[in-house]
Amino acid sequence: MPAVTVENTLLLPRVTEPDPVSSEQRPVRTVTTAPRGYEGEGFPVHRAFAEVSPRLLDPFVHMDQMGEVEYAPGEPRGTAWHPHRGFETVTYMIDGRMEHQDSHGGGGTIADGATQWMTAGSGILHIETPPEELVVSGGLFHGIQLWVNLPRAHKWNPPRYQSIEGPEAALLSSPDGGALVRVIAGEVAGHRGPGSTFTPITLVHATLSPGARLVLPWRPDFSALAYALSGRGTAGAEQRPLDAHQLAVFGAGDTLTLEATARPDSRTPDLDVLVLGGRPIREPVAHFGPFVMNTKAEVLQAIEDFDKGRLGFEQAARMPHTAPGEELT
């Protein structure tokens, strides 16, 4: 799992462990296992938030771990043109490459540690496909797609696009160098990631070597989640087991702890974990398919706008990927 890495973590700025006397450890409330499913044109995913209360996930709505899968030549798949309204989509590519394009001119190649941050806002169409050379050759594909809700005041904002290259992430280490911390958005221990968000959040990808322990300061007004991408370890000071494809939901506090097992398997010696949280929006959520609104009436309006070609079709028709109407009808 390369993403962005360094040869010597001891040369990076350190995340100083919070004072155990004055800080409050967040307890683990639940640990759930993500079921497998399929998305788009048939690529395998793990549904990270399945069967978790939306109240505990706020401000997040949905997260898929895409892959990890090794495609044979001719097998890589993507998505056709499809709409979104009312939230932000975050695609973080750990291995492999995808090409993104949207109806407002955003797009590019997302590869090996890069993040595509698309604010759907009032409405957008987009498409994600593997590059032609990857379809021909096959190869490893692994990433995350996260949906971040928008508060009512920003749901109708104009769409926008951010391309965050892997090296732009803030790179930190645990005090002993046993954990590499990549800050993609938000702030950890005074170090800010490059992602710009309407909803205040923190998004971190941490890699813990066998036996390593990571104690992160975490804003007490933020939710706190940890999803294991691969490997084995524990979550919380109480050391709840946390294995690949499992999500830990933390309770209240200002510090959270993760630890990698000292006896990993040979295939995945490190514990790779996505740590995320944000300020809860605490507004009504009406979620149907690719639309995340506040009311059922707003969802029905989004469906009608899509069906009548009022949701990005005109702009998409001018994009290099031609005939979006054919793929969407």
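Residues numbered from 1 in each chain as written. Predicted model: local features only at pLDDT ≥ 70, side-chain atom pairs only at ≥ 80, totals over all residues. Heavy atoms only, no water.

Let us look at the sheet that holds strand S7 (residues 97–102). Strand order in this open sheet of four strands is S5-S10-S7-S8, and the pairing throughout is antiparallel. Edge strands, defined here as strands with exactly one partner in the open sheet, are strand S5 (82–84) and strand S8 (107–111). Recorded for the sheet is a direction-independent mean angle of 30° between the axes of neighbouring strands. One ladder, built from four bridges, connects S7 with strand S10 (residues 124–129); its direction is antiparallel. Pairing of His100 across the sheet is with Glu128, part of S10. (Pairing = 2+ DSSP bridges. Helix = DSSP H or I, 4+ residues; strand = E, 2+ residues; numbered from the N terminus. Axes fitted to C-alpha atoms, helices over the stretch in contact; angles between N-to-C directions.)

Now for helix H3 (residues 296–307). With twelve residues, H3 extends 16 Å between its outermost C-alpha atoms, agreeing within 8% with the 16 Å of an ideal straight helix rising 1.5 Å per residue. Along H3, the residues classified as buried are Glu298, Val299, Ala302, Asp305 and Phe306. The arc that holds the buried residues of H3, viewed along the axis, is 120°, so those residues lie on one side. In H3, the exposed positions angled more than 90 degrees off the buried face are occupied by Lys296, Ala297 and Asp307. (Expected span 1.5 Å × (residues − 1). Buried < 20%, exposed > 50% of the residue type's maximum accessible area, 1.4 Å probe, protein only. Arc of directions from axis to C-beta.)

Position of Ser173 relative to the elements: it lies in strand S13 (residues 170–173). For Ser173, a relative accessible area of 0% translates into the label buried.

This next bit is on the pattern of salt bridges. Summed over the entire model, instances satisfying the criterion amount to ten salt bridges. As a salt-bridge pair, Arg192 and Glu187 come within 3.2 Å of each other at their nearest N and O atoms. Taking the relative accessible area as the measure of exposure, Glu187 reaches 41% and is therefore partly exposed. (Salt bridge = Lys/Arg side-chain N within 4 Å of Asp/Glu carboxyl O.)

Our focus in this paragraph is the packing of aromatic side chains. Overall, the coordinates contain one aromatic pair when judged by the stated rule. Summarising the aromatic geometry, the rings of Phe87 and Trp147 are spaced 4.5 Å apart at their centres and angled 35° between planes, so their arrangement reads as tilted. With a gap of 60 residues between them, Phe87 in strand S6 (residues 87–95) and Trp147 in strand S11 (residues 139–149) connect regions that are remote in the sequence. (Phe/Tyr/Trp six-rings, centres within 6.5 Å; stacked < 30°, edge-to-face > 60°.)

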